[in-house]
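An overview of the molecular structure
Listed here are the chains, written in short residue letters.
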Amino acid sequence: MPAQGEPFSMIRRAIAHQSVDRRWRIPVIASAAVVSVLLSACGTTVGPHRDEPVPSSGGDALADPSESAGPSASSDDLSELEPSRSERTTTPLPSPTESTRPEVTPPPVRSPEEPQPSDDDGAPPAADGPEAGADGAGAGVGGSVLSAEDQATLRRYANDTWTSMSAMVDEGTGLVADHIGPDLNDPSTYTSPTNLAGYLWSTVVVRDLGVIPADEARSRIDAALSGISSLERHDASGMFYNWYSPRSGEKLTSWPGGDEPIEPFVSSVDNGWLAAALRIVAVAEPALGAKAERLSDSMDFGWFLDSSAMGGAGLNRVGFWPDRPSHECSERADGTDRATGVFVTCSTYGTAVSEARIATYMGIANGQLPTSSYFAPSRTGAANGSGTGWMRAPSGDRRQYEGVSVVESTYDYSGMRIVPSWGGSMFEALMPDLLVPEAEWGPDSWGVNHPATVAAQKHHGLHETTTGYWGFSPSADPEGGYGQYGISALSIESTAVSSDDRNREGVTNAVDLPASSHSRPHTDELDGPSDSVVTPHASFLALPYDARGALDNLGRLDADLGMYGAGGFYDAVEVESRRVAPTYLSLDQSMVLAAVGNALTGDALKTYLTEGSFEERIRPLVAQPVFGSTVG
């Protein structure tokens, strides 16, 4: 069993199945997003995960050994073929200059006589993909636009969400906390690199929307950068540790208010979000560009690479510890890759639909990771994991991308074919899309899979549950703690909790933690509530692909279930019991603000991040894969 007292907010999912790997997978890791706790050698896992580390290739990788022997890497086995999709063209996003930033202009207003998209049956959007933000602010799915009323609603959401976000910031350090309660007093006493990242881009968003004046935004960002600059880092890699005090900036070695130890850990995905936010700030606030770049330039993502994974294509490890951890599986870095003198995780991120791809984007853009590491992650799970009770055998069209052999496999769901995530959640699929124009750059991959994921989430809530609401993603548990919520039919882990089937034998999806807690010590109480849980941030992630459906869902969550407070939407609700988790999580609020900002500014955040060399290095990679996804 994992020891008590370990982070429980963004701990990466550990694959622990005796027939696949005899070693304990890493049960805790990482920052403001998800947690996975290994319960037994039989592979029972629990908790809010927003990722799935897979075994490294050091002796017991999930990839079939026969696939890794040759010059080409393969991320799956092949059992049958699926037809490929036809190619489509894309239009580049504009890049801001140092002296200008995208203007915030009102989106076009829908005339009253134009037909409104129907939300009654949860029908999937058109397969041609999103147009949100491509041609101007307020564009919705399939070329539809936001009405003036929609824009006003989104601006109200942004104003109120900023109220809770800004209430979490320590005036002395400029650092944002992990969460805060409904009274907007006494924010939590710990934070993570992902939280810090979300605050940075949120400040840029509210500046662009006119919620705060430009000089206040610049002052806030400057203070935050100063606070981040003062944090202790792993010197050789330049990477940040996972837990700090927002009040003092000290690296945490025990949980506030107790004596439970924290073993300092360096997380790849959390540093990925922070590096992305620093790049956004450098472009959006040129006066602070040098300050932001000094931080980001020192971050070396090569320290996370396992170059032997997937037959040499390479995958990112979950992270590393400076000292050998007492309870997690680790391997001493032998200097084969960049990492040296540390203890690396026994797991790597090995599925394509995962928020961990932000670290891959940043590492490749910086020239620190090989381009092959983008193609290497599996679509539906490695072949010799299938048949063990937790992974399906892949089936699809085998394709080669720059020497990496991939099976473009999918799951069938309600007439659609979708590349799934580990936990079947919205967060895993769509958070990177807040900052990287994946759907535009990858029209035959993300451009189909993203709208299909949204359509599936909507269909599940409206037709496969009795609640009539949708949006399933890791979030606060209304009964205390943090839970993993998603659609089991779109989860690679076959035992992932379904939103309407949460107490199946062998399934646990929430840990009993203190109320209003995002990241707390792990306890052994693992019985989650029985009702389905919906989280508003999932609807905001859906805005580019079904704006009308997302706004209607949010409106009903507010009007019917009392989900709205002084700081915007509360984090989650058990719909059937109407129990609300009355807390604001800085990570989830930052997703809300990013989504609203993109909807109203023509994807300004994406433009900031992808300016210059980022687009030159990343866009050609994203353009290549042809997923087997279909919508409708």
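Below: a short report on this structure. (Residues numbered from 1 in each chain as written. Predicted model: local features only at pLDDT ≥ 70, side-chain atom pairs only at ≥ 80, totals over all residues. Heavy atoms only, no water.)

Things to note about the state of the cysteines
The following threshold applies: Two cysteine sulfurs form what is called a disulfide whenever their separation falls within 2.5 Å. Comment: elements are numbered from the N terminus, with helices defined as DSSP H or I runs of at least four residues and strands as E runs of at least two.
Per the stated rule, a full pass over the model turns up one disulfide. Residue Cys329 pairs covalently with Cys346 via a disulfide, S to S 1.9 Å. In this structure, the disulfide formed by Cys329 and Cys346 twists by about -80° around the S-S bond and is classed as left-handed. Linking Cys329 in the loop between strand 11 (319-321) and strand 12 (330-334) with Cys346 in the loop between strand 13 (340-345) and strand 14 (347-349), this pair joins segments that are 17 residues apart in sequence.

What about the packing of helix 4 (residues 268-284) against helix 6 (residues 357-365)?
What counts here: Every axis corresponds to a line fitted to the C-alpha atoms, with the helix fit spanning only the stretch in contact, and the corresponding angles, defined between N-to-C directions, vary from 0 to 180 degrees. Roughly parallel means an angle under 35 degrees; roughly antiparallel means over 145; roughly perpendicular covers 65 to 115; every other angle is labelled oblique. Crossings are assigned a handedness: left-handed for a near helix turned anticlockwise from the far helix by less than a right angle, right-handed for a clockwise turn. Whether two residues are in contact is decided by their heavy atoms, any of which lying within 4.5 Å being enough.
Where helix 4 meets helix 6, the closest approach of the two axes is 8 Å, and the angle between their N-to-C directions is 55°. Taken together, helix 4 and helix 6 sit at an angle that is classed as oblique. Both helix 4 and helix 6 take part in a crossing whose hand is left-handed. Here Ser268, Val269, Gly272, Trp273, Ala275, Ala276 and Arg279 of helix 4 lie close against helix 6, whose contacting residues are Ile358, Ala359 and Met362.

So, the pattern of salt bridges
Where charged atoms from two side chains of opposite charge come close, those side chains can pair. Applied cut-off: By convention in these notes, a salt bridge is any Lys or Arg side-chain nitrogen within 4 Å of a carboxyl oxygen on Asp or Glu. For the exposure calls, accessible area comes from a 1.4 Å probe over protein chains only, and a residue counts as buried if that area is under 20% of its type's maximum, exposed if over 50%, partly exposed in between.
Counted according to the given criterion, the structure contains 21 salt bridges. The residue Arg317 makes a salt bridge to Glu331 at a minimum N-O spacing of 3.7 Å. Note that Arg317 is positioned in the loop between strand 10 (315-316) and strand 11 and Glu331 in strand 12, a separation of 14 residues in sequence. Of the residues examined, Arg317 reaches a relative accessible area of 10% and is grouped as buried. With a closest N to O distance of 2.7 Å, Arg379 and Glu408 form a salt bridge. Of this pair, Arg379 sits in the loop between helix 7 (372-375) and strand 15 (396-401) while Glu408 sits in strand 16 (residues 404-409), and the two are 29 residues apart along the sequence. Take Arg379 and Glu408: they sit in the same class, and that class is buried.

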